[in-house]
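What follows is the residue order along each chain.
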Amino acid sequence: MSKINVDVCCGLAWGDEAKGKIVAYLSNTKAYDYVCRWAGGNNAGHTIYINNKKYKTHLIPSGVFFNTKSIIGPDCVIEKEGFLSEIKYLKENGFDTSLIKVSPKCHVVQKEHINEDKQKYATTQGSTSRGIAPCYRDKYARLGTRVGDEDNISFFKEYIWDEKLQGNVLCEGAQGYWLDINQGNYPYVTSSTTLPYGACSLGFTTHDINRIYGAAKIYDTRSGIDTDFPESLFLDEELQKVGVIGKEFGVTTGRKRKVNWLNLDKLSIAVKTTGTTHCIISKTDILEKVGIFKLFYKSKEYSFDSLVNMKLFISKVLKEECNYLKEIIYSDNVETIENLN
């Protein structure tokens, strides 16, 4: 394999942390030869803005918006109709879909997976009903079918990847640290690893990774069912105000997200464990609009008289507790990220 240099963008919370914005910003620098997705399926959603126009994808990496080869990796799962729908959407919006490639080792979500998901997991665990968990189960039971199998290869023929990476690579995560199959509040988790080491499934070593961009928001949100996010959160008027002004609805399902004040302990753990070097904390403008500045730290609720003082507190804690962290950037814009080098 030719020498490669890898940067990774991962979520530090429960998904919906503006990873799409970060990957879009980095892709637009034209510094990368590939943008790759390493796990999950169309149960995720990335929203990006280009020239004030909003675009959404669920599985296809954000590099396609910036004329960069976009790879769906071997530890992803792919549903045929959903994939074709995204291809059609991108073509209609003028993007070059020949840049999109899929690993032949990627597993294919079947209709029976979707039906089982709807019947078993959607109501009990808050899944997206996309068939992701049953597909991964069959993968690990050695019962799955892959893109490169004889009955699928003709369907994906023009998109199949030769599995060779070189040059500069940006890896795009799905969901977030606290939805990781190992680290999250099991069983209210996703079916794959959301941590940066999972990106190595694309075919490089941990030694090839340079920067890890960790994405968070200045308040916490969660889609779906999770005992750590009780239904009572919907009754808190302050939190509901944050949710309304922040437009907190899931990209994939449209579900209203539960909102809570930032859990700084959990953010610190996620930053440390992922090895995040550059932490981007988004949606600071929402708290400014609401005029309430709160977070949890060491099981205590802290209130601040300004966003400035809240940010100073967050930065102090993260810098003291996270050894690999080099930079903390606060973002109040849906399209750009100031001071990200």
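The notes below deal with the structure included here. (Residues numbered from 1 in each chain as written. Predicted model: local features only at pLDDT ≥ 70, side-chain atom pairs only at ≥ 80, totals over all residues. Heavy atoms only, no water.)

Topic: the pairing of strand 15 (residues 300-303)
Thinking step 1. Alignment of strand 14 (residues 294-297) against strand 15, held across four bridges, turns out to be antiparallel. The residue bridging F296 from the neighbouring strand is E301, located in strand 15.
Thinking step 2. Here strand 14 folds back onto strand 15 in antiparallel fashion, the turn holding two residues, of which K298 has a positive phi close to 55 degrees. (Pairing = 2+ DSSP bridges. Helix = DSSP H or I, 4+ residues; strand = E, 2+ residues; numbered from the N terminus.)

What to know about the packing of helix 7 (residues 264-274) against helix 9 (residues 307-321)
Thinking step 1. Remark: helix 7 packs on helix 9, axes separated minimally by 10 Å, with the N-to-C direction vectors making an angle of 40 degrees. Classified by the angle between their axes, helix 7 and helix 9 sit oblique to one another. With respect to the hand of their crossing, helix 7 and helix 9 are arranged in right-handed fashion. Every residue of helix 9 that contacts helix 7 at L264, L267, S268 and K272 is listed here: F313, I314, V317, L318 and E321.
Thinking step 2. Looking at the contact of helix 7 with helix 9 residue by residue, the classes come out as six nonpolar, one polar and two charged. (Axes fitted to C-alpha atoms, helices over the stretch in contact; angles between N-to-C directions. Parallel < 35°, antiparallel > 145°, perpendicular 65-115°, else oblique. Left-handed = near helix turned anticlockwise from the far one by under 90°. Contact = heavy atoms within 4.5 Å. Nonpolar A, V, L, I, M, F, W, Y, C, P; charged D, E, K, R; others polar.)

So, helix 7
Thinking step 1. Of the residues making up helix 7, those classed as buried are L264, L267, S268, A270, V271 and T274. Relative to the axis of helix 7, the buried residues are bounded by an arc of 165 degrees and lie together on one face.
Thinking step 2. Between the side-chain oxygen of the N-cap and the backbone nitrogen of D265 there are 3.1 Å, and the N-cap of helix 7 in question is N263.
Thinking step 3. Residue G275 follows helix 7 closely and has a positive phi angle near 75 degrees. (Buried < 20%, exposed > 50% of the residue type's maximum accessible area, 1.4 Å probe, protein only. Arc of directions from axis to C-beta. Polar contact = N/O pair within 3.5 Å; in protein donor to acceptor, adjacent residues only side chain to side chain.)

Considerations on the packing of aromatic side chains
Any two aromatic rings considered together are summarised by their centre-to-centre distance and by the angle between their planes.
Thinking step 1. Enumeration over the complete set of coordinates arrives at 12 aromatic pairs.
Thinking step 2. Relative to F229, the ring of W14 lies with its centre 4.8 Å away and its plane at 75 degrees, an arrangement referred to as edge-to-face. In this pair, W14 sits in the loop between strand 1 (4-11) and helix 1 (19-27) while F229 sits in the loop between strand 11 (219-222) and helix 6 (237-245), placing the two residues 215 residues apart along the sequence. Judged on exposure class, the residue W14 and its partner F229 are both buried.
Thinking step 3. Judged by centre distance (5.7 Å) and plane angle (85 degrees), the ring pair of Y297 and F313 falls under edge-to-face. Here Y297 is found in strand 14, whereas its partner F313 is found in helix 9, with 16 residues between them in sequence. An identical accessibility class is assigned to Y297 and F313; each is buried.
Thinking step 4. One aromatic cluster is present, built from ring pairs that chain together F83, F155, F156 and Y159.
Thinking step 5. Sitting over the face of the ring of W178, K266 holds its NZ or CZ atom 4.0 Å from the ring centroid. (Phe/Tyr/Trp six-rings, centres within 6.5 Å; stacked < 30°, edge-to-face > 60°. Lys NZ or Arg CZ within 6 Å of the ring centre and 35° of its normal.)

Remarks on the sheet that holds strand 15
Thinking step 1. Strand order across the open sheet formed by four strands is 11-12-14-15, with mixed pairing between neighbours. The open sheet terminates on both sides in strands that have one partner only, identified here as strand 11 and strand 15. Across the sheet, the mean angle separating the axes of adjacent strands is 45 degrees when strand polarity is ignored.
Thinking step 2. Where strand 12 (residues 258-263) and strand 14 come together, two bridges link them in parallel fashion. Within strand 14, the position partnered with N263 by the bridge is F296.
Thinking step 3. Sheet strands in contact with helix 6 are strand 11, strand 12 and strand 14, and its direction is about 100 degrees off that of strand 12.
Thinking step 4. Contacting strand 12, strand 14 and strand 15, helix 9 runs over the sheet at an angle of about 25 degrees to strand 14.

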